[in-house]
Amino acid sequence: MIKGNRWVIRNCIILYGLVLYAAPLMYVQTSSPEGRLPPILMVRGEESYTFLKNNDSTSFFLHKLKWIPLNEKESVALTLGGEYRARLEHFTNEDYTPTNRTYYAQRLSLHAGLRLGPCFRVFTELYHGATSDGEIQFQSDVIDFHQVFLEWSFINQEKARGKLRLGRQEIGLGTFR
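Given the structure is predicted, the values throughout are model-derived calculations rather than measurements.

S.K.: Looking at this model, I keep getting lost on the pairing of strand 2 (residues 76-91). Mind explaining?
M.R.: For a regular strand, side-chain orientation follows a simple rule: the groups alternate between the two sheet faces. Sheet topology note: the strand 1 (residues 68-69)/strand 2 ladder contains two bridges and is antiparallel. When the sheet's bridge partners are listed, I68 is paired in strand 2 with L78. Hairpin connection of strand 1 to strand 2: six residues between the antiparallel strands, including E74 at a positive phi of 60°. When strand 2 meets strand 3 (residues 101-116), the two strands line up antiparallel, connected through 16 bridges. Pairing of T79 across the sheet is with G113, part of strand 3.

Here it is, written out as structure tokens:
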């Protein structure tokens, strides 16, 4: 096995261990009445971390990145986040030949949201992905904006909501898988 592949495998195992440890702690959205954290949503642009406003007793240290107040009233706040997905695939005797191949794929996503009072929000998300075969990088997505939009909430009541978004956004249709 190539020395570089050992390094990749070791780091993937460490990263997966950290993700498995942190995943139950990283829920988002408004808290339920029982005090449990809500489920993660499929579309990052739909997430809201306002439940962390005025909450100093969060148990997970990364929650401090999800609600960074920029003024004393906490009406202006910044939200930061990201995701790293790594995958290692190995094929022994590919296509019934004596060749063995190992592929390493990764995807990086970074997002930020700026809440400007109760009515306005700016959200942006960057994506980058790459796949390599040993030393050669044969497939790559150049880092690019996945979502960038300005949102205006003109009706924000418990039973009725109205929002207007301008920009590039992800929209889930059907089962959205």
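S.K.: Looking at this structure, how should I read the layout of surface pockets?
M.R.: Where empty space is left in the structure can be found by rolling a water-sized probe over the atoms. Looking at the second largest pocket, its volume works out to about 480 Å³. Along the walls of the second largest pocket sit 21 residues, with S48, T50, R115, N156 and K163 positioned nearest its centre. Those elements giving two or more residues to the lining of the second largest pocket turn out to be strand 5 (136-156) and strand 6 (161-168). In the lining of the second largest pocket, the residues fall into two nonpolar, nine polar and 10 charged.

S.K.: Would you explain the pairing of strand 4 (residues 120-133) in this entry?
M.R.: Taken together, the 14 bridges between strand 3 and strand 4 define a ladder with antiparallel strand orientation. Note that in strand 4 the partner of Y103 across the bridge is D133. What sits between the antiparallel neighbours strand 3 and strand 4 is a turn of three residues, in which G117 has the positive phi angle 80°.

S.K.: Honestly, the confidence of the model for the protein in this entry has me stumped. Any pointers?
M.R.: It should be kept in mind that the predicted coordinates are not to be read in detail where pLDDT is low. On average, residues of the protein score 77 in pLDDT, and 72% of them reach the 70 mark or higher. Note that pLDDT drops below 50 for residues 22-34; the model gives that stretch 36 contacts with residues more than four away or on any other chain.

S.K.: Just to check I follow, could you spell out a nonpolar patch on the surface for this structure?
M.R.: The grouping of L116, F120, V122, L150, W152, F154, I155, L164 and L166 at the surface amounts to a nonpolar patch, some 780 Å² of accessible area in total. Secondary structure elements with two or more residues in the nonpolar patch: strand 4, strand 5 and strand 6. Counting residues per element, the nonpolar patch draws most heavily on strand 5, which supplies four residues. Mapping L166 onto the fold places it in strand 6.

S.K.: How should I be thinking about empty space enclosed by the protein in this particular structure?
M.R.: Per the stated rule, a full pass over the model turns up two cavities of 30 Å³ or more. Estimated volume of the largest cavity: approximately 120 Å³. Together, 14 residues line the largest cavity, and E47, Y49, T79, G113 and R121 are the ones closest to its centre. Per-element accounting of the lining of the largest cavity gives the leading share, four residues, to strand 3. Space inside the second largest cavity adds up to approximately 30 Å³. If you trace the second largest cavity, you find it lined by E83, R85, R107, L108, S109 and Y127. Elements with a contribution of two residues or more to the lining of the second largest cavity: strand 2 and strand 3. A per-element tally of the lining of the second largest cavity places strand 3 first, with three residues. Its residues placed into classes, the lining of the second largest cavity shows two nonpolar, one polar and three charged.

S.K.: Just to check I follow, could you spell out the environment of G82 for this structure?
M.R.: Within the element layout of this structure, G82 appears in strand 2. For G82 and E125, which are 43 residues apart along the polypeptide, the C-alpha to C-alpha distance reads 8.8 Å. Ignoring any residue separated from it by four or fewer positions in sequence, one finds G82 in contact with S109, L110 and H111.

Conventions adopted
Residues numbered from 1 in each chain as written. Predicted model: local features only at pLDDT ≥ 70, side-chain atom pairs only at ≥ 80, totals over all residues. Heavy atoms only, no water. Pairing = 2+ DSSP bridges. Helix = DSSP H or I, 4+ residues; strand = E, 2+ residues; numbered from the N terminus. 1 Å grid on protein atoms, 1.4 Å probe; cavity = no way out; pocket = protein on both sides within 12 Å on 5 of 7 lines; lining within 4 Å. Points joined across faces, edges and corners; volume = space filled by probe spheres on them. Nonpolar A, V, L, I, M, F, W, Y, C, P; charged D, E, K, R; others polar. pLDDT = per-residue confidence, 0-100. Contact = heavy atoms within 4.5 Å. Patch = residues over 30% accessible without salt bridge, like charges linked within 9 Å, V, L, I, M, F, W, Y side chains within 5 Å. Areas by Shrake-Rupley, 256 points an atom, 1.4 Å probe, with all protein chains shown as cover. Salt bridge = Lys/Arg side-chain N within 4 Å of Asp/Glu carboxyl O.

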